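Structure at a glance
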Amino acid sequence: QVQLVESGGGLVQAGESLRLSCAASGSILRINTMGWYRQAPGKQRELVATFGSGGSTNVADSVKGRFTISRDNAKNMVSLQMNSLKPEDTAVYYCNANILTLRSNTYRSYWGQGTQVTVSS
């Protein structure tokens, strides 16, 4: 069994910062890509940023220059530093990871439960 547990969401004012963290635990052999997605009310879930196992990152244009993704492979953790937050960043943020477990011979995609980020104007 694999779990992704997120932390760090909350309510902030425009221009302020938040840091999200996600820790993966369970019967993990190897983790490929880890990242963050978000879903605002009435909208589809969208990619925010991902961090590949080789160190490559992919960041959405809408947050480029404001959000930074980092990863700690030893702790199976991924974090998202969000600066200069805007009201349009308001959403539920989900952690995602592609994980190879002891029970599987292929990578599977796992999701966290989501953490609310609300930015007031």
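Above this text is the structure in question.
The rules we used
Residues numbered from 1 in each chain as written. Predicted model: local features only at pLDDT ≥ 70, side-chain atom pairs only at ≥ 80, totals over all residues. Heavy atoms only, no water. Pairing = 2+ DSSP bridges. Helix = DSSP H or I, 4+ residues; strand = E, 2+ residues; numbered from the N terminus. Axes fitted to C-alpha atoms, helices over the stretch in contact; angles between N-to-C directions. Salt bridge = Lys/Arg side-chain N within 4 Å of Asp/Glu carboxyl O. Buried < 20%, exposed > 50% of the residue type's maximum accessible area, 1.4 Å probe, protein only.

Moving on: the sheet that holds strand β7 (residues 67-72). Read across the sheet, 4 strands follow the order β1-β3-β8-β7 without closing on themselves; strand pairing throughout is antiparallel. One side of each edge strand has no neighbouring strand; the edge strands of this open sheet are β1 (2-7) and β7. Mean inter-strand twist for the sheet, computed between neighbouring axes without regard to direction, equals 15°.

This part is about the pattern of salt bridges. Under the defined criterion, the tally for this structure stands at 4 salt bridges. Residues Arg-38 and Asp-89 are paired through a salt bridge, measuring 3.0 Å at the closest nitrogen-oxygen approach. Of this pair, Arg-38 sits in strand β4 (residues 28-39) while Asp-89 sits in the loop between β8 (77-82) and β9 (91-101), and the two are 51 residues apart along the sequence. Asp-89 carries the same exposure label as Arg-38, and that label is buried. The partner of Asp-61 in a salt bridge is Lys-64, and the shortest N-O contact between them spans 3.1 Å. For Lys-64, a relative accessible area of 52% gives the class exposed. The structure contains a network of salt bridges with shared partners spanning Arg-38, Glu-46, Arg-66 and Asp-89.

So far we have only geometry, and geometry alone does not tell us how the molecule works.
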